[in-house]
Amino acid sequence: MNPILARNWRRILPFGLIWFVLGFFFMANDYFALGDNPVASGAIDPTFSVLVFALLAIFSLGLLVGIFETLYVNKLFRNFSFIRTILSKFVLYSMLFTLMVGFSYPIAAALELDTDLNSPLVWFKFRQFWQSDALYGTAIQLLFSLIISLIYAEIRDNLGDSVLLNIFTGKYHKPIQEERIFMFVDMKDSTTIAEKLGHVSYFTFLQQYYNDMAEPIVKHRGEVYQYIGDEIVISWPKAKGIAYNNAINCFFAMQKAMNKRDTFYINTYGVVPKFKAALHMGMVTTGELGALKKEIVFTGDVLNTTARIQDLCNNLKSKLLVSEYLRMALKEETKIEFVPKGAVELKGKQETVNLYAVHKKIPYS
């Protein structure tokens with residue numbers, strides 16, 4: 001599956017699951033609270049077929065909210081104030097919920113009454129619903145489900161998809177050892193750019209810079225480990241980074257993305273961001289760390305070594321340096337050229353490391 005499509009699906013599906021679970025509990029509560037009493041005017045008797053349909057409808061509504069939030073709403077309201085964003089979302093989702101209820105209620109009523117949609121009984125009950133207390137109960141349940149799913153979305157966006165999933169599954173609850181690839185990407189002349197733009201403009205410049213890098217990272221199955229000022233640390237499990245030379249090709253895809261945005265950066269900021277990077281592979285210990293705030297943390301010499309290699313990019317006149325250990329694991333590719341830089345002594349290290357500069361034989365257009 002396409003990596004971007006797979007990522008979007010992983011981000012959307014939890015919305016459907018959240019709505020499904022909450023809907024199940026709401027309906028179970030209503031069912032047991034009702035007992036043998038007749039349903040109120042406008043409400044639907046929760047027969048088995050009605051429950052199955054209602055859960056499918058709720059799951060579908062959750063997916064719709066997930067699609068809106070993941071693909072459209074956040075981008076649409078990105079520059080809105082907090083209050084304006086809340087009000088806009090309220091109007092948008094009120095319209096969505098009204099349409100969904102208007103579509104699903106007649107079907108549920110037809111299932112309850114064991115008749116077809118054209119029956120006058122169905123539409124009489126439908127009109128009753130909009131004037132009954134059942135409408136307010138439905139609105140409260142939908143609003144609660146929306147709030148919970150939006151809270152989830154905020155947590156997901158702050159922690160990251162993979163970190164949130166790993167915390168939920170407990171994968172790194174106990175530290176484990178694994179081999180991973182790391183890429184340290186550092187912006188060139190960032191201090192000069194910051195002085196030229198000023199703090200506020202430089203911050204928006206960084207936001208745009210990282211936004212433009214996002215799609216190439218996702219396409220090449222990378223995981224953002226950290227943003228450190230103007231530096232970004234990207235990581236791959238060994239198998240994903242080696243496959244299709246993802247770790248190497250991610251760098252060139254980021255270059256291509258930036259080249260396409262040259263005009264935008266010149267017109268908006270008067271400068272085009274350039275960057276250099278280093279890649280290395282090694283064993284790390286991975287686990288949850290933190291008392292007041294939990295994070296998935298990697299510890300191991302590979303991170304320090306990668307940072308030291310990245311520091312040598314300017315001296316070795318290379319935009320991308322790769323360690324020999326990773327070079328030997330990568331597949332040969334006709335479009336990629338590895339230029340030996342020899343054994344280099346890294347700062348703070350006793351042993352030397354053989355490095356390669358990496359170039360595209362056929363540059364991105």
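Reading guide: rules and limits
Residues numbered from 1 in each chain as written. Predicted model: local features only at pLDDT ≥ 70, side-chain atom pairs only at ≥ 80, totals over all residues. Heavy atoms only, no water. Helix = DSSP H or I, 4+ residues; strand = E, 2+ residues; numbered from the N terminus. Contact = heavy atoms within 4.5 Å. Areas by Shrake-Rupley, 256 points an atom, 1.4 Å probe, with all protein chains shown as cover. Lys, Arg positive; Asp, Glu negative; His and termini not counted. Charge placed at Lys NZ, Arg CZ, Asp CG, Glu CD. Phe/Tyr/Trp six-rings, centres within 6.5 Å; stacked < 30°, edge-to-face > 60°. Buried < 20%, exposed > 50% of the residue type's maximum accessible area, 1.4 Å probe, protein only. Arc of directions from axis to C-beta. Axes fitted to C-alpha atoms, helices over the stretch in contact; angles between N-to-C directions. Parallel < 35°, antiparallel > 145°, perpendicular 65-115°, else oblique. Left-handed = near helix turned anticlockwise from the far one by under 90°. Patch = residues over 30% accessible without salt bridge, like charges linked within 9 Å, V, L, I, M, F, W, Y side chains within 5 Å. Salt bridge = Lys/Arg side-chain N within 4 Å of Asp/Glu carboxyl O.

**A few points about the overall build of the protein**
Looking only at helices and strands, the protein has 13 helices and eight strands in total. Taken along the three principal axes of its C-alpha coordinates, the protein extends 85 × 45 × 45 Å. Nonlocal contacts in the protein, meaning residues at least 24 apart in sequence, comprise 72% of its contacts between residues at least 6 apart. When the accessible surface of the protein is totalled, it reaches about 20700 Å², and 61% of it is carbon and sulfur. Seen as two clouds, the 37 positive and the 32 negative side-chain charges of the protein have centres 8 Å apart.

**Thoughts on the packing of aromatic side chains**
Counted by the stated rule, this structure contains 27 aromatic pairs. Residues Phe-182 and Tyr-225 carry aromatic rings whose centres are separated by 6.5 Å and whose planes lie at 65° to one another, so their mutual orientation is edge-to-face. With Phe-182 in strand β1 (residues 176–187) and Tyr-225 in strand β2 (residues 223–228), the pair connects residues that are 43 residues apart, well separated along the chain. Both residues of the pair, Phe-182 and Tyr-225, count as buried. Each residue in the set Tyr-209, Tyr-210, Tyr-227, Phe-251, Phe-252 and Phe-275 is aromatic and connected to the rest through ring pairs, giving one cluster.

**What to know about helix α7 (residues 190–197)**
Every buried residue belonging to α7 is among Ser-190, Ile-193 and Leu-197, and all of these are buried. Down the axis of α7, the buried set is contained in an arc of 60°. They therefore lie on one face. Exposed residues on α7 whose side chains face more than 90 degrees from its buried face are Thr-191, Thr-192, Glu-195 and Lys-196. Residues of α7 that are buried sit in contact with β1, α8 (199–219) and α11 (262–269). Gly-198 sits one or two residues past α7 and shows a positive phi near 90°.

**Some details on the packing of α7 against α8**
Axis angle and axis distance: for two packed helices, these are the angle between their axes and the distance between the axes, and together they describe the pair. Where α7 contacts α8, the axes come no closer than 6 Å and their chain directions differ by 125°. In this view, α7 runs oblique relative to α8, as classed from their interaxial angle. When the axes of α7 and α8 are compared, the crossing they make is right-handed. Where α7 approaches α8, its residues Ser-190, Ile-193, Ala-194 and Leu-197 are matched on the opposing element by His-199, Ser-201, Tyr-202 and Phe-205.

**Looking at a nonpolar patch on the surface**
A surface patch of nonpolar side chains, about 380 Å² in accessible area, is lined by Phe-20, Val-21, Phe-24 and Phe-25. Topologically, Phe-24 is positioned in helix α1 (residues 3–34). You can call Phe-24 partly exposed: its relative accessible area is 44%.

**Concerning the side chain of Asn-8**
On the secondary structure map, Asn-8 appears in helix α1. Under the relative-accessibility criterion, Asn-8 is labelled buried at 18%. Contact partners of Asn-8, with chain neighbours within four places excluded, come to Thr-70 and Leu-71.

Everything listed is a geometric property; what it means functionally is a separate question.
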